Amino acid sequence: MPRGTPRPVTGDVSAARPVLDGDELGRAISRIAHEILERTHGGTDTVLLGIPTRGVALATRLADRMSTFEGVRPPTGSLDVTLHRDDLHLRGLRALQVTDLPVDGVDGKVVVLVDDVLFSGRTIRAALDALLDTGRPRAVQLAVLVDRGHREVPIRADYVGKNIPTSLRETVHVLLREYDDRDGVLLGPASGVDAPA
Amino acid sequence: MSAWVFRGARVCGGPPTDLAFADGRVVAEAPVGAQVYDADGLIALPGLVDLHTHLREPGREDAETVETGTRAAALGGFTAVHAMANTDPVADTAGVVEQVWRLGQVAGHCDVHPVGAVTVGLGGQQLAELGAMADSAARVRVFSDDGHCVDDAVLMRRALEYVRAFDGVIAQHAQEPRLTEDAQMNEGVISAQLGLVGWPAAAEEAVIARDCLLAGHVGSRLHICHVSTVGSVDILRWAKARGIRVTAEVTPHHLLLTDELATSYDPVFKVNPPLRTAADVTALRDALADGTIDAVATDHAPHALEDKETEWAAAAFGMVGLETALSVVVAAMVDTGRLDWAGVADRMSLRPARIGRLSGQGRPLEPGAPAHVVLVDPAARRVVDPAAMASRSRNTPYAGRQLPAAVVATFLSGRPTVLDGKLT
Amino acid sequence: MNRHLLSAGDLSRDDALLIVHTAEELARISDRPIKKLPTLRGRTVVNLFFEDSTRTRLSFEVAAKRLSADVINFSTKGSSVSKGESLKDTALTLEAMGADAVVVRHSASGAPHRLAGWISGAIVNAGDGTHEHPTQALLDAFTMRRRLGRLEGLRVAIVGDILHSRVARSNVLLLDTLGAEVSVVAPPTLMPVGVGSWPCTVSFDLDAVLPKCDVVMMLRVQRERMAGAYFPSAREYSRRYGLDAPRMATLPDTAIVMHPGPMNRGMEIAAEVADSVRSTIVEQVANGVAVRMAVLYLLLGGDSS
């Protein structure tokens, strides 16, 4: 398997209805970029780490916006959490994704973890473990495009593109041009009995 | 009641007829009051004779006894078996062969003819008292160190010569020992893949060639056990053409199975000589059909479970075969058009009896012949179930395999040992 | 992936590449200060070694521990038969302990296949008799790919005791699957009957092969083979099939020299070759951990269905 191949969107996209169109998605990213600049005092000593696969593209877009707004582009990278997941024995095998940290590492930095959807919080729990095995950041923050609720661990996001109340029988599809034919967020029926991820 | 009539039986595959016998002999007409057995569609053959059976008693009664082994033989359609000498103690004295012979008499499921060891303790060093065994109550005529090759050329020559005095025969287990040290399976493509030590065909062929030359030189009878290779067949054909008095047997498993089965590493397929290639199987079938190979012999080799439930190299050689022999021969020879039923009778009864010098066995089913008869249903199909076998051991390579034909009844001297497929 | 890793021949091209790619990600983790991962927490890996091999056992042990599996080492010298306890009894004991994976090294070819029939956990063949050693082949392929950047079309010569070598069998099968062009080189006595059916070319002439290879893999040749008359003397073997400095000089400039260890310096490989910059012998050991982590992760990382 080539490095960084995205997992396909699960569930039936054709049966889903849009909750964010491409423009709205772009504005949400811009707003988060502003908020990060504000909270990190201009993004100095800040690192954006995306969680594969769509979190990596989002982290890159955020860094690009921050660069446009302030002229400073924070380093970005990717952090695969597969080996730290607590549900490996409950699911089929997952191929490893890329972990690619900036050359200066994360020691003493403000690390902003970036993911597409915040759901149970377990992925972020695994990401914190994975991150702390690589070094000791000064602070860790979390940015997500969509928060759909249903937390199973005490984790909250510092930056949220859009809160979308959902039922457990629904699936959130985040589409990004890097991987999909367009930008947008869709809400549709769940594909099966997937537990929150 | 000792008179029976098989109504509609096809004797050796001939037209349906009434086959009758009374007082242990075949008769031309059924006497009044004979029991009638509906044999419509069944084939009647003279009782089968096995030249090569391991009954394991004395010594390994956990694997087989004369009682359980002869029950298996009767179910397989046999009325006589030759019990191999590699027991513990070895059947190398008149005392041991008489013990085995008596156990067979007591069991009563088929005639048991002990094979005497050629050398003391199968040690390959000193001739056993062959004459004493021949003169004993067991009247031994076949001598073999089976399991071991009589490797010493001088000893082999002497044995061949010596048994002429009582019309005996040496049955050679042809295996050059140095070429087969630690050998595990046929040497070839599969052994190379599996990393198992190879047993080259040349190790069998070299001994057969030597012994044929020796037998020709001294004018003795020689019998070759479990021939397994193309090359062996070629040598036998050459020797017979030269008038050398050599006979040979092939096992059912060498007529059907190949070394590819070893890829499972399941030692149920581990046997000596080893399963060979498809080309060998074809040559053996052809040789049995044209008479180059005289007889089918089972080499029934029961082993206790713990001797097979191991890694391949640690497992014992051998497979049970009495209860499946006829079906395998049908699959390999009859269904492929190589032998008709008369041919089956010849290779599994007449010729082996002649090689073993058993005057009361292997006789055509004509008036006056002993009433050793097996009735076979040629249309039956059965899936081999090891758990259902009469043998004390379960090491059949055919488990789960569907085989053609089934033994319906076996009669020993006019008395049923198997009726309706079950022991009486 | 199959449930077990018994033979390199059981791996499809996709399976083999998945293992190599996974090992690459895991190798990066082995470069950082904190090497331990929680991935296989609560899983039990048994190292069942019926044959001495400290190197292979340690490699698997480190791999399993880096993934946080519980590791039980079960070593017993000699064959199970001579110990009185059968392989099956050992299998039933491990089954009762609830082993999720059993890494087995055994002197009998096919012993891992037998265990796979008796144990519900995953079986990893860590070398069985003269049959196979699939993780060695995987780490060799991984090492070639790291050094030379590719496997497809790579010309690999495997030199030495092909007849008795489990490393050779696994490498021929795996490298063929991965698109390399393999030749085996040995005196005819150390070539199995039936080698003609293997997916490789066969040569008895090392000097003819060397200028045309990207990788030369030297196999250990045991001096005891002389007793079996496989070759007349260690000196003659070394002269005809040993890799010394003048022979190494005939290799293409980029070619690498591999050896699965343990080496017989002065027999199949000269000391200056073993210690040269072309030699990957130390790397192979390090890469072994990453590859075995990948195998354990891929066999145990998902649900058991």
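If you're wondering where the values come from, they're calculated on a predicted model, not measured in any experiment. (Residues numbered from 1 in each chain as written. Chains lettered and ligands numbered in written order. Predicted model: local features only at pLDDT ≥ 70, side-chain atom pairs only at ≥ 80, totals over all residues.)

Structural notes on the overall build of chain C
Quick reminder of the rule: The numbering of helices and of strands both runs from the N terminus, where a helix is a DSSP run of H or I of at least 4 residues and a strand a run of E of at least 2. Here the globule rule is a power law, 2.2 Å times the number of residues to the power 0.38, and the radius of gyration is based on C-alpha atoms. Exposure classes come from backbone-placed C-beta atoms, where a residue is buried if 20 or more other C-beta atoms lie within 10 Å of its own, exposed if 12 or fewer do, and partly exposed in between. Note that contacts rest on C-beta atoms placed from the backbone: two residues are in contact if these are within 7 Å.
Helices and strands together make up the secondary structure of chain C, namely 12 helices and nine strands. The C-alpha radius of gyration of chain C comes to 19 Å, within 12% of the 19 Å expected for a compact globule of 305 residues. Each principal axis of the C-alpha distribution contributes one length, and for chain C these read about 55 × 45 × 35 Å. Relative to its full complement of 305 residues, chain C shows a buried share of 53%. For chain C, contacts bridging at least 24 residues in sequence account for 74% of all contacts bridging at least 6.

Here we look at the overall build of chain A
For chain A, the helix and strand inventory stands at three helices and eight strands. Reading the helices (α) and strands (β) of chain A from amino to carboxyl end gives β-α-β-α-β-β-α-β-β-β-β. In terms of overall dimensions, chain A has a C-alpha envelope of 45 × 40 × 35 Å along the principal axes.

Side note on the nonpolar core
We count it as follows: Structurally, a nonpolar core is described as a collection of buried Ala, Val, Leu, Ile, Met, Phe, Trp, Tyr and Cys residues joined by way of C-beta atoms within 7 Å.
In this structure, Ala-44 of chain B together with Val-216 and Leu-296 of chain C are the most contacted members of the largest nonpolar core, which totals 247 residues. For this core, the element with the most residues is helix α12 (residues 281-300) of chain C, which contributes 11 residues. Those residues within four positions of Val-216 of chain C in sequence are excluded, and the remaining contacts are Ala-157, Val-159, Leu-210, Leu-243, Leu-251, Ala-255 and Val-257 of chain C. Core analysis: the second largest hydrophobic core is formed by 48 residues, Leu-37, Phe-119, Ala-126 and Ala-157 of chain A among them.

Quick word on unusual backbone geometry
Both trends apply: most residues other than glycine have a negative phi, and most peptide bonds are in trans. That bond from Pro-52 of chain A to Thr-53 of chain A is cis: its omega, 0 degrees, falls within 30 degrees of zero. With respect to the element layout, Thr-53 of chain A can be found in the loop between β2 (46-50) and α2 (54-70). Following Asn-272 of chain B, the chain continues to Pro-273 of chain B via a peptide bond in cis, the omega torsion being -5 degrees. Position of Pro-273 of chain B relative to the elements: it lies in the loop between α8 (252-256) and α9 (278-290). A positive phi is found at Leu-122 of chain B, a non-glycine position, where the angle reads about 60 degrees. Along the chain, the position of Leu-122 of chain B falls in the loop between β8 (111-114) and α3 (130-135). Here Leu-122 of chain B falls in the buried class, since 22 other C-beta atoms lie within 10 Å of it. Notably, Ser-68 of chain C is not glycine yet its phi reads approximately 70 degrees, a positive angle.

Description of the domain arrangement of chain C
Residues and elements named next belong to chain C. Our working rule: An automatic or database domain assignment provides the domain bounds reported here. The residue classification treats Ala, Val, Leu, Ile, Met, Phe, Trp, Tyr, Cys and Pro as nonpolar and Asp, Glu, Lys and Arg as charged. All others, Gly included, are polar.
Its domain assignment divides chain C into domain 1 (8-133 + 285-300) and domain 2 (134-280). Centre-to-centre, using C-alpha coordinates, domain 1 lies 25 Å away from domain 2. Listed by partner, the interface residues are 22 residues for domain 1 and 20 residues for domain 2. Those elements that place two or more of their residues in the side of domain 1 that touches domain 2 are α1 (13-29), β4 (122-128) and α12. Residue composition of the side of domain 1 that touches domain 2, by class: nine nonpolar, eight polar and five charged.

Notes on the sheet that holds strand β2 (residues 70-75) of chain C
Residues and elements named next belong to chain C. Here is the rule: Any two strands are treated as partners once DSSP identifies two or more bridges connecting them. The axes used here are C-alpha line fits, helices contributing only the stretch in contact, and every angle between their N-to-C directions lies in the interval 0 to 180 degrees.
The four strands lie next to each other as β2-β1-β3-β4, forming an open sheet whose pairing is parallel. Edge positions in the open sheet fall to β2 and β4, since each of these has one partner strand only. Each strand axis lies, on average, 15 degrees off the axis of its neighbour in the sheet, ignoring direction. In the sheet, strand β3 (residues 101-106) pairs with β4 via five bridges, with the strands oriented parallel. Directly across from His-106, in β4, lies its bridge partner Asp-128.

What to know about the arrangement of the chains
For the two pairs of chains in contact, the largest share of contacts goes to chains B and C. When C-alpha atoms are compared, chain A and chain B, though not in contact, are closest at a spacing of 28 Å.

Quick word on the pairing of strand β16 (residues 373-383) of chain B
Residue and element names in this part refer to chain B. Taken together, the four bridges between strand β5 (residues 43-46) and β16 define a ladder with antiparallel strand orientation. Bridge assignment links Leu-45 to a residue of β16, and that residue is Val-374. Judged from the eight bridges that link them, β16 and strand β17 (residues 402-412) form a sheet pairing that is antiparallel. Bridge pairing in β17 links Asp-377 to Ala-406.

Here we look at the interface of chain B and chain C
Listed by partner, the interface residues are 17 residues for chain B and 23 residues for chain C. At four residues, helix α5 (residues 189-194) of chain B tops the list of elements feeding residues into the side of chain B that touches chain C.

A few points about the interface of chain A and chain C
Facing 15 residues of chain A, the contacting portion of chain C comprises 14 residues. Its residues placed into classes, the side of chain A that touches chain C shows seven nonpolar, five polar and three charged.

Side note on the packing of helix α1 (residues 22-39) of chain A against α2 of chain A
Residues and elements named next belong to chain A. For clarity, the cut-off: For this classification, under 35 degrees means roughly parallel, over 145 means roughly antiparallel, 65 to 115 means roughly perpendicular, and everything else is oblique. Definitions for this section: a left-handed crossing has its near helix turned counterclockwise from the far helix by less than a right angle. A right-handed crossing has that turn clockwise.
The geometry of α1 relative to α2 is characterised by a closest axis approach of 9 Å and an angle of 65 degrees between their N-to-C directions. Compared by their axis directions, α1 and α2 come out roughly perpendicular. The handedness of the crossing between α1 and α2 is right-handed. Contacts between α1 and α2 involve Ile-29, Ser-30, Ile-32, Ala-33, His-34, Ile-36 and Leu-37 from the first element and Arg-61, Leu-62, Arg-65, Met-66, Phe-69 and Glu-70 from the second. Each residue belonging to the contact of α1 with α2 can be placed in one class, and the counts come to eight nonpolar, two polar and three charged.

What about the sheet that holds strand β15 (residues 295-296) of chain B?
All names here are of chain B. The strand order across the open sheet formed by five strands is β9-β10-β13-β14-β15, and the pairing between neighbours is parallel. Pairing within the sheet leaves two strands with one partner each, and these edge strands are β9 (142-143) and β15. Pairing of strand β14 (residues 246-250) with β15 involves two bridges; the strand directions are parallel. When the bridges of β15 are listed, Glu-249 appears paired with Ala-295.

A short note on helix α6 (residues 134-148) of chain C
All names here are of chain C. Rule in force here: Multiply 1.5 Å by the residue count of a helix minus one, and that product is the helix's expected span.
Relative to the 21 Å expected for 15 residues at 1.5 Å per residue, α6 spans 21 Å between its end C-alpha atoms, a close match to the ideal helical length. Among the 15 residues that make up α6, 12 are buried, leaving the element largely enclosed by the rest of the structure. Those residues of α6 not exposed but buried are Pro-134, Thr-135, Gln-136, Ala-137, Leu-138, Leu-139, Asp-140, Ala-141, Phe-142, Thr-143, Met-144 and Arg-145. Its buried side turned inward, α6 meets α1, β4, α7 (166-177), β8 (215-218), β9 (256-258) and α12. At the C-terminal side of α6, Gly-149 shows a positive phi close to 80 degrees.

Describing α1 of chain A
Residue and element names in this part refer to chain A. Keep this limit in mind: Here the arc refers to the directions that run from the helix axis out to each C-beta atom.
Given a rise of 1.5 Å per residue, 18 residues ought to cover 26 Å, and the 26 Å separating the end C-alpha atoms of α1 matches this to within 8%. Considered for burial, the residues of α1 that qualify are Leu-25, Ile-32, Ala-33, Ile-36 and Leu-37. All buried residues of α1 lie within an arc of 140 degrees about the axis, which places them on one face of the element. Exposed positions of α1 whose direction lies more than 90 degrees from the buried face are Asp-23, Arg-27 and Glu-38. Lining the buried residues of α1 we find β1 (17-20), α2, β4 (110-118), β5 (139-147), β6 (159-163) and β8 (184-189).

Details of the environment of Gly-414 of chain B
Note that Gly-414 of chain B resides in the loop between β17 and β18 (415-419). When near neighbours in sequence (up to four residues on either side) are disregarded, Gly-414 of chain B contacts Ser-2, Trp-4, Phe-21, Asp-23, Gly-24 and Ala-371 of chain B.

Focus: the environment of Val-273 of chain C
All names here are of chain C. Its place among the elements puts Val-273 in helix α11 (residues 271-274). Residue class for Val-273 comes out buried when judged on the 23 C-beta atoms lying within 10 Å of it. Separated by 15 residues in sequence, Val-273 and Met-258 place their C-alpha atoms 9.9 Å apart.

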